[in-house]
Amino acid sequence: MKSECAAIDALLDERRRFAPPPGFVARARVADPAVYAEAEDWEAYWERWARRLHWFSPWSTALEWSPPDARWFQEGTLNACYNCIDRHLPEGAGRPALLWEGEPGDRRRFTYGELATEVERFAGVLKSVGVGRGDRVAIYLPMIPEAVFAMLACARIGAPHSVVFAGFSPDSLADRINDAGAEVLVTADGGYRRGKVIALKRNADRAAARCPGLRSVVVVRRGQGVGSDGVEMTVGRDHWYHELAQSVRDGCSAEPMGAEDLLYILYTSGTTGKPKGVVHTTGGYMTQVYATTRTVLDLRQDDVYWCTADVGWVTGHSYVVYGPLAAGAAVVIYEGAPDWPDRGRFWEICERYGVSVFYTAPTAIRAFMQWGDEWPAARELGSIRLLGTVGEPINPEAWIWYRRAIGGDRCPIVDTWWQTETGAMMISPLPGVTHARPGSACRPLPGIDVDLLNDGGESVKAGYLAITRPWPSMLRGIWGDRPRFLETYWSKWDGIYFAGDGAKVDDDGYLWLLGRVDDVLNVAGHRIGTMEVESALVEHEAVAEAAVVGVEHPVKGQGIAAFVTLMGGREGSDELAAELRGHVADSIGAIARPEVVLFAADLPKTRSGKIMRRLLGDIAAGRAIGDTTTLAEPAVVRGVRERYREAEGG
Ligand code: PRX
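Residues numbered from 1 in each chain as written. Predicted model: local features only at pLDDT ≥ 70, side-chain atom pairs only at ≥ 80, totals over all residues. Heavy atoms only, no water.

**Notes on the sheet that holds strand 25 (residues 511-516)**
Either a parallel or an antiparallel arrangement is found when strands of a sheet pair, and the pairing is made through backbone hydrogen bonds.
Then step 1. Within the open sheet, the 4 strands sit side by side as 21-22-24-25. Their pairing is antiparallel. Each of the sheet's edge strands pairs with one partner strand only, and the pair in question is strand 21 (450-453) and strand 25. Strand-to-strand twist of the sheet, defined as the mean angle between neighbouring strand axes without regard to direction, takes the value 45°.
Then step 2. Two strands pair when backbone bridges link them, and strand 21 and strand 22 (residues 462-467) are joined in this way by 4 bridges, in the antiparallel orientation. (Pairing = 2+ DSSP bridges. Helix = DSSP H or I, 4+ residues; strand = E, 2+ residues; numbered from the N terminus. Axes fitted to C-alpha atoms, helices over the stretch in contact; angles between N-to-C directions.)

And the structure:
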């Protein structure tokens, strides 16, 4: 297949190995087209789902669409937290809500009734430090129950949260606090990752020093305290959560919020150096998140559900917190690494809690595959009935392994395509309905319409993924940056959303996602902007210029290769490469650490001075043809090729 677009052709070339094995047919129940037919009147379809939530007052119109601005369920009022907790009470008060396990093995359980008490208390604490409706609250916590309490408490009192992944650096945290204008930060003394204590409060202090608008820092003590001895509390600004909680007496009822009131801001990487704050509102978001939790994850009240994402990412927002709790399921949360204390930790957890629905990322599946079948085989995984994947294209080999080694060849797999901006799943098989094909996210969900378009806006078989009509959980903007919102998503075609992904469609209408077409990398399922990494590199005193490209990686999907030119008088060395890799990790977070740093004499540029990234990508992947001596030390270029070949085992 060839498209008319070079970016799409490059993706098609890269993904050639993504074809499923010949003759492979996934077992599934007979397709039921009625499900899709029911959603033909898509506004009515979404209204039907909205009606299954609790509303304080009804909406007048389903949708007002003035491209690119959508207003769903105008005049309706509801509360996201109420939908996740209160409406399950009192009948469901005794049902399990959170089943938490810390990395060192400590455990805590909360029923829906207990969750209500915890969240009301947390809401009381936030109020006691002056948080009110509309005030943004930054949350920088490990995967502990308090992360869920804090988010729901914000939603309860109408204070939009901005959760920052605890693996982000102090600088990244500070940028997000300042951009969101958050005056209150919730953090913890520390958390555990691979046996080590992550000193979150220390990071928070460094960030706070750069945040003039920050008034209060609420510090949760994790368990019996992690590194609490080393925690310095700034008088007047910092408060221990458990001390503030002692003076919270009253319960806290849920604020009726307008359907279009802000629920949260979540920062994600784009094509510029600065992450953008994606804005989600309440009514449409809750509707689509709830609908997809029910139809795609098939979650019911008696399910024990585990989504391995961190709440710092959108998957953690929609499918650890809001969706599964709105569905009344029991949600498993695990704090730490999958290989701690050994590579069987995830399967031990699945066995212990009797997990029935499991949702993770292809990068994790590829790691499990490499670690070997013996780890899942040692555990009883018969409770699992449905598997999900998200975050990046899944190669058929990983898909087939997942189905066999984890799903015992009896569980459907839902490969769900969506984004921070879409808020909820958009393209996915429906379990028990769709004949899944390994490596394909299948079809747009009921109520969703997508197309593959070329630059001229014509439908093609391989092209840019476009969403052709509004959907309830769509982003409502980029916080404080309307021009960037218009330019990034709505400038390519008129009134049609540009997702930034390439895709192809086969003769049966199945969609095959190919990867990003912009300067955004997908490293281990995490979105990282090449410009962000480049900005971090050029901040280092040794670096004159930097260009960052993605290179195929056997586990992470993509790894980061950085080409740098040095300031006069500086020489490249292994030590400097290691220092630069560390520098990026310190300034953004460990997820952005480049796999390799290559010292180049010069960076290839077009006549207009634009760096020729595709050529650099070819060099890093060992695809470059011809003489590359002017671009980089030939020995170094050979080095990176060999390194990746070794990693691929070829
Ligand atoms: O490139 C697509 C990829 O992840 C991007 C969105 O990243 P983020 O906003 O961080 O959200 C990740 C979790 C929803 C998309 O533009 N992506 C996500 N899911 C899939 C995928 N690519 C292929 N198949 C998927 N199932």
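**A look at the site of the ligand**
Then step 1. In the vicinity of the ligand lie 17 residues, with D415, T420, D501, R516 and R527 positioned nearest.
Then step 2. Q419 has a polar side-chain atom sitting 3.0 Å from an oxygen atom of the ligand.
Then step 3. Note that an oxygen atom of the ligand is positioned 2.7 Å from one of the side-chain N or O atoms of R516.
Then step 4. Considering the ligand on its own, with 540 Å² of exposed area, one finds that the protein chains cover 96% of that surface.
Then step 5. Elements supplying a minimum of two residues to the shell around the ligand: helix 11 (314-326), strand 20 (413-416) and strand 25.
Then step 6. Taken together, the residues that form the shell around the ligand break down as 6 nonpolar, 6 polar and 5 charged. (Near = heavy atom within 4 Å. Polar contact = N/O pair within 3.5 Å; in protein donor to acceptor, adjacent residues only side chain to side chain. Areas by Shrake-Rupley, 256 points an atom, 1.4 Å probe, with all protein chains shown as cover. Nonpolar A, V, L, I, M, F, W, Y, C, P; charged D, E, K, R; others polar.)

**Focus: the pairing of strand 29 (residues 557-566)**
Then step 1. Most of strand 29 is tucked away: 8 of the 10 residues are buried.
Then step 2. By the bridge criterion, 10 bridges tie strand 28 (residues 543-553) to strand 29 in an arrangement that is antiparallel. By the bridge assignment, V548 is partnered in strand 29 with A562.
Then step 3. The loop that links strand 28 with its antiparallel partner strand 29 comprises 3 residues.
Then step 4. As paired elements, strand 29 and strand 30 (residues 596-599) share 4 bridges and run parallel to each other. The residue bridging A561 from the neighbouring strand is V596, located in strand 30. (Buried < 20%, exposed > 50% of the residue type's maximum accessible area, 1.4 Å probe, protein only.)

**Focus on the domain arrangement of the protein**
For an interface, size is often stated in terms of accessible area lost upon the parts coming together.
Then step 1. Splitting the protein by domain gives domain 1 (6-502) and domain 2 (524-647).
Then step 2. Here the C-alpha centre of domain 2 lies 31 Å away from the C-alpha centre of domain 1.
Then step 3. The junction of domain 1 with domain 2 conceals about 1,800 Å² of combined surface from both sides, 46% of it contributed by carbon and sulfur atoms.
Then step 4. Linking domain 1 to domain 2 there are 1 salt bridge.
Then step 5. Within the residue set of the side of domain 1 that touches domain 2, elements represented by two or more residues are helix 1 (6-14), helix 7 (170-180) and helix 13 (362-371).
Then step 6. Looking at the side of domain 1 that touches domain 2 residue by residue, the class counts come to 8 nonpolar, 14 polar and 7 charged. (Domains from an automatic or database assignment. Buried area = accessible area lost by both parts, 1.4 Å probe. Salt bridge = Lys/Arg side-chain N within 4 Å of Asp/Glu carboxyl O.)

**Topic: the nonpolar core**
Then step 1. Core analysis: the biggest nonpolar cluster contains 165 residues, and L115, L152, Y322 and L325 have the highest contact counts within it.
Then step 2. For this core, the element with the highest residue contribution is helix 6 (residues 145-157), accounting for 10 residues.
Then step 3. Residue contributions to this core reach at least three from each of two domains, namely domain 1 (6-502) and domain 2 (524-647).
Then step 4. When near neighbours in sequence (up to four residues on either side) are disregarded, L152 contacts C81, C84, I85, L115, V119, V321, Y322 and L325. (Core = buried A, V, L, I, M, F, W, Y, C linked by side-chain atoms within 4.5 Å. Contact = heavy atoms within 4.5 Å.)

**Quick word on unusual backbone geometry**
Then step 1. A cis amide bond links P67 with the next residue in sequence, P68, at an omega value of 0°.
Then step 2. For the bond running from L89 to P90, omega is 0°, close enough to zero to count as cis.
Then step 3. For P90, the location among the structural elements is in the loop between helix 4 (80-84) and strand 4 (96-101).
Then step 4. Positive phi values are uncommon outside glycine, yet R194 reaches one of about 50°.
Then step 5. Tracing the chain through its elements places R194 in the loop between strand 9 (191-193) and strand 10 (196-198).
Then step 6. With a phi close to 70°, C442 is a non-glycine residue in the positive phi region.
Then step 7. In this fold, C442 is placed in the loop between strand 20 and strand 21.
Then step 8. C442 sits in the buried class, given a relative accessible area of 0%.

**Focus on the packing of helix 17 (residues 530-538) against helix 18 (residues 574-587)**
Then step 1. Following both chains from N to C, one finds helix 17 and helix 18 inclined at 115°, their axes separated by 9 Å at the closest point. Considering only the axes of helix 17 and helix 18, their crossing is right-handed. Contacts between helix 17 and helix 18 involve V533, A536 and L537 from the first element and L580, H583, V584 and S587 from the second.
Then step 2. For the contact of helix 17 with helix 18, the per-class residue count stands at 5 nonpolar, 2 polar and no charged. (Left-handed = near helix turned anticlockwise from the far one by under 90°.)

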